[in-house]
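Chain by chain, the residues run as shown.
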Amino acid sequence: MIADPLTKPMHILLVDDNPNNLKVLSEAILGCGWKALMATDGESAIEQTEYAHPDLILLDVMMPGIDGFETCRRLKANPHTQNTPVIFMTALADATDKVKGLEIGAVDYITKPFQQEEVIARLKLHLKISHLTRTLEQRVQERTAQLTQSVRELQQTQLQLIQSEKMSTLGQLVAGIGHEINNPVGFISGNCSHIEQYVNDLLRLIHLYQEKLPHRDQDIDELVDEIDLDYITQDLPKLLASMAQGIDRLKEMSLSLRTFARSDISSKIEYQIHEGINSTLMLLKHRLKGNGVDAKRLVDRHRSKIEVVTQYSELPPITCYPGQLNQVFMNIIANAIDAFEECDRKHSAQQVVAQAKTITITTSVDTHKETVTICIQDNGPGMLPEVKARIFEPSFTTKPVGKGTGLGLAISHQIIVNKHNGQINCLSIPGQGTSFIITLPI
Ligand SMILES: Nc1ncnc2c1ncn2[C@@H]1O[C@H](COP(=O)(O)OP(=O)(O)OP(=O)(O)O)[C@@H](O)[C@H]1O
Ligand SMILES: [Mg+2]
């Protein structure tokens, strides 16, 4: 409900060079329980308006010095006085004067000689309108602020939704793949050692045959030549060794997938951050290594390898959502790789051999503040200040449509700041590189 403005004492500024008029008007105003302020010329009227803030001004047109119109123009041009309603008093029955007054910002006019009831009625009306206008403006401002806040909250919620959806679908998928690879890898690995044993046995047997039965048959000799038995005997153990290596890699990968995707969404657990960083690096391995000599011939597709340097301090386990933190590491490291690739793409024509591409990951602990800090630094192209200023905004991306959604860092920010009470900051210098510094409470 809007309170009736007329119940509190109003301040009305009367501006007239005729003392008699001032007297009559002020009596009428006092009769309503309001207060009358008085001025006898335009200049002092403006001055009083500025410091006394009257609720309304009754302004005479014809005055010595600046006239009522000019006074009104100056009041309307001044931000401190422009909202005070002005009513002109004119002795002239001339319609053009009335129109002129309204055009320069007056809300109404009254003609002399006054009819007291009419003056009071008009004053009441305009005081009410003025009050309603102010209330309305205030309401609009309040509503706008509320709406802006709601939009911000909605954006946050939307991010959260996208993030949890990404986490649950991607996380489940990754964990599922990790699990599915694990079983077959397990039995291949188990069989491999038996195969090695059997092959060695068979080779021993062949050697024994060769030794004990030196008078060989012609067919056997031919077959030995045909299959190149000597070569097979040499090569088979090597093949087996490299298969074993491949299987070890698969095992590692399956473990990384499962470590990475630990989607312990419902509660925080103690987690060794280095494990997460390592599993993330493992998953990004294919993007970190160069694409080899063959590809170098195809100038536009050349990609040199990215060196990863880890400088780990001894860290205590952190209470966190591991899957989410790993997603942050993934976003930041993938961005650095994207930035190197973009740089390669731009410079491929000139075949610039830049300095070695390096991503350095440093961790440290502050036992005093009980925080750990993870710094992920690249010596890539860096960002312009206007890009850097917007990187944490949802949907801000410099990548082509279909390549980047611009959500990576917005989600990372939310995970670090909102979910873990941490901080994430970025330093970047164009041409020199970028660092992301994450601080998390232990
Ligand atoms: N290491 C970096 N070097 C240079 N620019 C970067 C780096 N990291 C982020 N940026 C800039 O920040 C922008 C926003 O990154 P963000 O991860 O939020 O979105 P994106 O990578 O464009 O898209 P998405 O991660 O959803 O695929 C990028 O488009 C890029 O311009
Ligand atoms: Mg990204």
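Everything quoted here is computed from the prediction, not taken from an experiment.

## With respect to the domain arrangement of the protein
Stage number 1. The domain architecture assigned to the protein consists of domain 1 (9-114), domain 2 (128-254) and domain 3 (266-441).
Stage number 2. Once you take the C-alpha centre of each, domain 1 and domain 2 turn out to be 84 Å apart.

## Section: the nonpolar core
Stage number 1. Counting residues in each nonpolar core, the largest one holds 44 residues, and the members touching the most others are Ile273, Ile359, Ile374 and Ile438.
Stage number 2. Looking at this core element by element, the count peaks at nine residues for helix 11 (residues 322-347).
Stage number 3. Residues in contact with Ile438, not counting those within four places in the same chain, are Val328, Phe329, Ile332, Val372, Thr373, Ile374, Ile416, Gln423 and Ile424.

## Some thoughts on the pairing of strand 3 (residues 56-60)
Sheet faces and side chains relate simply in a regular strand, where the side chains alternate between the two faces.
Stage number 1. Counted residue by residue, strand 3 has five buried out of five residues, so it is predominantly covered.
Stage number 2. Neither face of strand 3 is exposed, since Leu56, Leu58 and Asp60 on one face and Ile57 and Leu59 on the opposite face are all buried.
Stage number 3. Two strands pair when backbone bridges link them, and strand 1 (residues 11-15) and strand 3 are joined in this way by four bridges, in the parallel orientation. Paired with Leu13 across the bridge in strand 3 is Ile57.

## Observations concerning the packing of helix 2 (residues 42-52) against helix 3 (residues 68-77)
Stage number 1. Two elements in contact, helix 2 and helix 3, have axes whose closest approach is 9 Å; the angle formed by their N-to-C orientations is 25°. By the angle between their directions, the pair helix 2 and helix 3 is classed as roughly parallel. Viewed along their axes, helix 2 and helix 3 form a crossing whose handedness is right-handed. Of the residues in helix 3, those in contact with Gly42, Glu43, Ala45, Ile46 and Thr49 of helix 2 are Thr71, Arg74 and Leu75.
Stage number 2. A breakdown of the residues in the contact of helix 2 with helix 3 according to their chemical character gives three nonpolar, three polar and two charged.

## A few points about the site of ligand 1
Stage number 1. In the vicinity of ligand 1, 21 residues are found, and the nearest of them are Asn335, Thr397, Thr398, Lys399 and Thr405.
Stage number 2. Between ligand 1 and Thr405, the relevant distance is 2.3 Å, taken from an oxygen atom to a side-chain nitrogen or oxygen of the residue.
Stage number 3. Separating an oxygen atom of ligand 1 from a backbone N or O atom of Gly406 is a distance of 2.9 Å.
Stage number 4. For the shell around ligand 1, the secondary structure elements donating two or more residues are helix 11, helix 13 (408-419) and strand 12 (433-441).
Stage number 5. With three residues, the top contributor of residues to the shell around ligand 1 is helix 11.
Stage number 6. The residue inventory of the shell around ligand 1, partitioned by class, reads nine nonpolar, nine polar and three charged.

## Some points on the environment of Met253
Stage number 1. Mapped onto the fold, Met253 is located in helix 7 (residues 229-260).
Stage number 2. For the pair Met253 and Ser279, spaced 26 residues apart in sequence, the C-alpha separation works out to 8.1 Å.

## Quick word on the sheet that holds strand 11 (residues 423-429)
The pairing of strands in a sheet happens through backbone hydrogen bonds and is either parallel or antiparallel.
Stage number 1. Spatially, the five strands line up as an open sheet ordered 7-9-10-12-11, and their pairing is mixed. In this open sheet, the two strands that pair with only one neighbour each are strand 7 (306-311) and strand 11. Taking each pair of neighbouring strands and ignoring which way they run, the sheet shows an average axis angle of 15°.
Stage number 2. Of the strands in this sheet, strand 7, strand 9 (357-366), strand 10 (371-378), strand 11 and strand 12 touch helix 11, which is tilted by about 155° from strand 9.

Rules of the game
Within each chain, residue numbers correspond to sequence positions counted from 1 in written order. For naming, the first written chain is A and the first written ligand is 1, with later ones following in the order written. A pLDDT threshold of at least 70 governs which residues receive local features in this predicted model, and a stricter bar of 80 or more applies before side-chain atom pairs are shown or counted, although totals over entire chains, interfaces and linings include all residues. To get the side-chain values, take all heavy atoms of the structure and skip hydrogens and water. Start and end positions for the domains come from either an automated domain assignment or a database one. Residues grouped as a nonpolar core are buried Ala, Val, Leu, Ile, Met, Phe, Trp, Tyr and Cys residues, joined through side-chain atoms within 4.5 Å. Any residue under 20% of the maximum accessible area for its type is buried, any over 50% is exposed, and the rest in between are partly exposed; the area is computed with a 1.4 Å probe on protein chains only. Helix and strand assignments come from DSSP, with helices taken as H or I runs of at least 4 residues and strands as E runs of at least 2, each series counted from the N terminus. Residue contacts follow a heavy-atom distance rule, with two residues in contact if any of their heavy atoms lie within 4.5 Å. At least two bridges found by DSSP between two strands is the condition for calling them paired. Comment: axis = line fitted to C-alpha atoms, over the contacting stretch for helices; angle = value between 0 and 180 degrees taken between N-to-C directions. Small angles under 35 degrees read as roughly parallel and large ones over 145 as roughly antiparallel, with 65 to 115 read as roughly perpendicular and the rest as oblique. Definitions for this section: a left-handed crossing has its near helix turned counterclockwise from the far helix by less than a right angle. A right-handed crossing has that turn clockwise. Throughout this entry, Asp, Glu, Lys and Arg are counted as charged residues, while Ala, Val, Leu, Ile, Met, Phe, Trp, Tyr, Cys and Pro are counted as nonpolar. The remaining residues, Gly among them, count as polar. The cutoff for a nearby residue is simple: one of its non-hydrogen atoms must lie within 4 Å of the molecule or strand. What qualifies as a polar contact is a pair of N or O atoms within 3.5 Å, subject to a donor-acceptor requirement within protein and to the restriction that residues adjacent in sequence count only when both atoms come from side chains.

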